[in-house]
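Residues per chain, in single letters:
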Amino acid sequence: MGTVVSIELADELPDSRLGELVSATCAWLHEVDARFSTYKDDSEVCRLRNGSLRLEDCSADLRLVLDRCADLWRDTDGYFDAYAGGPLDPSGYVKGWSVEVASQRLVEAGSSRHFLSAGGDIRMRGSGPGGRPWRVGVRHPWEADKLSWVLELSDGAVATSGTYERGAHVFDPRTGKAASGLRSVTVVGPDLALADAYATAALAMGENGLGWLAKRVDEGYESAAVTDDGRAFTSPGLPVAPVAS
């Protein structure tokens, strides 16, 4: 998926079992990459785009993702758009979704304490090493060696979308131009697939995304954002870690 994935398991299980869980997680993520890659000519997404694969012949996973992307297009008033760049590209949903599924698979396999991170999209469950909540640092959008916030939670998802690493990669579907107004958006909630999509949609909206994010609080999604001119905004329930005295 063009990014690095890290896996941390804090379960008190035999090393051999932990190794099996890591291997199974990696196998799933490689399967997702092979199916959804926009760079591999033989992926399902590329074959659907070039017409060599019919929609009705696509895998259940791809059809599910396309349905979810259509739902998000409607729910975000078109700002989450798998066709924003032209040809189909569901990557804005797939990364968060694949890690959310990986986490659920780990739970079903016996892991109740884990931390999965894929390029800034994080899903954590249970307690971390030592029994403490997991901590997530949100990178400062201009100074790579500093943090804007440190979040603390035991179960949930954190997704960040911004322009500071990959440049202009999110587009405003209204204008067709690179999104502007927000430099970084972080969304925290129960489902990483939605948190990731919400962060992307809000970034595409620009500063109008701040008001849109505020309405997601009732759904269980908190947020933090930094504007292009350096102002910072957070929702009231953002799980910011307590400052050590």
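Below, the structure is looked at part by part. None of these values were measured; they are calculated from a predicted model.

Here is what the cut-offs are and how they apply
- Residues numbered from 1 in each chain as written.
- Predicted model: local features only at pLDDT ≥ 70, side-chain atom pairs only at ≥ 80, totals over all residues.
- Heavy atoms only, no water.
- Helix = DSSP H or I, 4+ residues; strand = E, 2+ residues; numbered from the N terminus.
- Rg over C-alpha atoms; globule rule 2.2 N^0.38 Å.
- Buried < 20%, exposed > 50% of the residue type's maximum accessible area, 1.4 Å probe, protein only.
- Contact = heavy atoms within 4.5 Å.
- Areas by Shrake-Rupley, 256 points an atom, 1.4 Å probe, with all protein chains shown as cover.
- Lys, Arg positive; Asp, Glu negative; His and termini not counted.
- Charge placed at Lys NZ, Arg CZ, Asp CG, Glu CD.
- Axes fitted to C-alpha atoms, helices over the stretch in contact; angles between N-to-C directions.
- Parallel < 35°, antiparallel > 145°, perpendicular 65-115°, else oblique.
- Left-handed = near helix turned anticlockwise from the far one by under 90°.
- Nonpolar A, V, L, I, M, F, W, Y, C, P; charged D, E, K, R; others polar.
- Salt bridge = Lys/Arg side-chain N within 4 Å of Asp/Glu carboxyl O.
- Expected span 1.5 Å × (residues − 1).
- Polar contact = N/O pair within 3.5 Å; in protein donor to acceptor, adjacent residues only side chain to side chain.
- Core = buried A, V, L, I, M, F, W, Y, C linked by side-chain atoms within 4.5 Å.

Along the backbone of the protein chain there are six helices and nine strands. What you see for the protein chain is a C-alpha radius of gyration of 18 Å, in line with the 18 Å of a compact globule of 245 residues. Across its three principal directions, the C-alpha atoms of the protein chain cover 55 × 45 × 35 Å. Per-residue burial over the protein chain gives 47% buried out of 245 residues. In the protein chain, the share of contacts with a sequence separation of at least 24, taken over all contacts with a separation of at least 6, comes to 58%. Accessible surface, the protein chain as shown: approximately 12000 Å² in total, 50% of it carbon and sulfur. Each charge class in the protein chain was averaged separately, 25 positive and 36 negative side chains, and the resulting centres sit 2 Å apart.

Let us look at the side chain of Thr160. Relative to the helices and strands, Thr160 is located in strand β6 (residues 156–162). In contact with Thr160, not counting residues within four places along its chain, are Gly120, Asp121, Val138, Ser184, Val185 and Thr186.

It is the contact of helix α4 (residues 91–108) with helix α5 (residues 192–205), at a shortest axis distance of 7 Å, that shows an interaxial angle of 155°. Our classification of the angle between α4 and α5 gives roughly antiparallel. Crossing of α4 over α5 shows right-handed handedness. Residues Gly92, Tyr93, Lys95, Gly96, Trp97, Val99 and Glu100 of α4 pack against Leu192, Ala193, Asp196, Ala197 and Thr200 of α5. Classifying every residue of the contact of α4 with α5 by side-chain character gives six nonpolar, three polar and three charged.

Tallying each qualifying case throughout the model produces 19 salt bridges. Arg231 serves as the salt-bridge partner of Glu207, at 2.7 Å between the closest nitrogen and oxygen. Taken together, the residues Glu207 in the loop between α5 and α6 (208–214) and Arg231 in the loop between β8 (222–227) and β9 (232–234) connect sequence positions 24 residues apart. Given a relative accessible area of 37%, Glu207 falls into the partly exposed group. As a salt-bridge pair, Asp229 and Arg231 come within 3.0 Å of each other at their nearest N and O atoms. For Asp229, a relative accessible area of 54% translates into the label exposed. One salt-bridge network, in which partners are shared between bridges, spans Glu31, Arg35, Glu44 and Asp61.

Taking 1.5 Å per residue as the helical rise, α5 with its 14 residues ought to reach 20 Å, and the 20 Å between its terminal C-alpha atoms agrees with that figure. The element α5 is extensively covered by neighbouring structure, given that 13 of its 14 residues are classed as buried. Where α5 starts, the residue carrying a side-chain oxygen 2.9 Å from the main-chain nitrogen of Ala193 turns out to be Asp191. Residue Gly206 follows α5 closely and has a positive phi angle near 75°.

Let us look at the nonpolar core. By size, the foremost hydrophobic cluster in this structure holds 51 residues, and its most contacted members are Phe36, Tyr93, Trp97, Val185 and Val187. For this core, the element with the most residues is α5, which contributes 11 residues. Not counting the four nearest positions on each side in its chain, Val185 is found in contact with Ala159, Thr160, Ser161, Ala199, Ala202, Leu203, Leu213, Ala224 and Ala225. Ranked by size, the runner-up nonpolar core spans 15 residues in total, among them Val136, Trp149, Leu151 and Leu153.

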